[in-house]
Amino acid sequence: MPRLQIVIASTRPGRVGPAVAAWAAAEADRHAGFEIETVDLAEAALPFFDEPGHPSEGAYVHQHTKDWSATVSRGDAYLFVMPMYNGAFTAPLKNAIDFLYQEWQDKPVALLSYTAGPSGGVPAVEMLRPILTRIGFRAAGRSLSVPGVGELTDPADPAVFHAPADLTGELKAVLDELTELLDAPAPAQV
């Protein structure tokens, strides 16, 4: 069974990313198309990119890069659970992507963004899509956005995310698309 890594892209204290990711993991488990692994960038604790060689060479010298490569290499597809900060994706997410190259090649990825405000993080998704394509991911056409995420978490227990009813159906469609991308032939190299 292919492995879906659900990547929590926020590293700040008090974040809701783990709650949103836990909901997504439970729904993905019900989908039954993937083995699920949650990857938390706060736990990965990568420094700013510090490899002397280009990531495409894969000649890593730092143990944290070797560990990150091993983690990402276990994944067959990815769901980035990402907040929007100041109109963009998070620096830790971009940094985590930048550390590697071969490990991401031709792998399906989908985006689940969230914000406290009304946009749901759509501007961050739109900024990240061309980067993902440039690197060599197979980006799903569908994405999920969650506006007003603070109203969907319990102040008494911020580890609980109360997803709107329609979000479950949207996530299923995204997971179905990731499955299709996994089964599709590799795009021709130009």
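Residues numbered from 1 in each chain as written. Predicted model: local features only at pLDDT ≥ 70, side-chain atom pairs only at ≥ 80, totals over all residues. Heavy atoms only, no water.

A. Broad picture of the environment of D40. By the secondary structure assignment, D40 is in strand β2 (residues 35-40). Along the chain, D40 and G169 lie 129 residues apart, while their C-alpha atoms are 25 Å from each other. Not counting chain neighbours up to four residues away, the residues in contact with D40 comprise I8, S10 and R15. In this structure the side chain of D40 is engaged in a polar contact, spanning 2.7 Å, whose partner is the side chain of R15. (Helix = DSSP H or I, 4+ residues; strand = E, 2+ residues; numbered from the N terminus. Contact = heavy atoms within 4.5 Å. Polar contact = N/O pair within 3.5 Å; in protein donor to acceptor, adjacent residues only side chain to side chain.)

B. The environment of A186, seen in detail. Note that A186 resides in the segment after α6 (165-183). Looking at A186, the relative accessible area reads 52%, which means it is exposed. C-alpha of A186 to C-alpha of K107: the two residues are 79 residues apart in sequence and 9.5 Å apart in space. Residue contacts for A186: discarding those within four places in its chain leaves D106 and R138. (Buried < 20%, exposed > 50% of the residue type's maximum accessible area, 1.4 Å probe, protein only.)

C. Looking closely at the packing of helix α1 (residues 17-31) against α6. Between α1 and α6, the shortest axis-to-axis distance is 10 Å and the interhelical angle comes to 60°. Considering their axes alone, α1 and α6 lie oblique with respect to each other. Between α1 and α6 the crossing geometry is right-handed. Taken together, the residues of α6 that come into contact with α1 (itself represented by W23, A24, E27, A28 and H31) are L167, T168, L171, K172, L175, D176 and T179. (Axes fitted to C-alpha atoms, helices over the stretch in contact; angles between N-to-C directions. Parallel < 35°, antiparallel > 145°, perpendicular 65-115°, else oblique. Left-handed = near helix turned anticlockwise from the far one by under 90°.)

D. Seen up close, the pairing of strand β8 (residues 157-161). With 2 bridges joining them, strand β7 (residues 153-154) and β8 adopt antiparallel strand pairing. Looking at β8, one finds that D154 is bridged to D157. Count of turn residues in the β7/β8 antiparallel hairpin: 2 residues. (Pairing = 2+ DSSP bridges.)

Nothing here speaks to function; it is all geometry.
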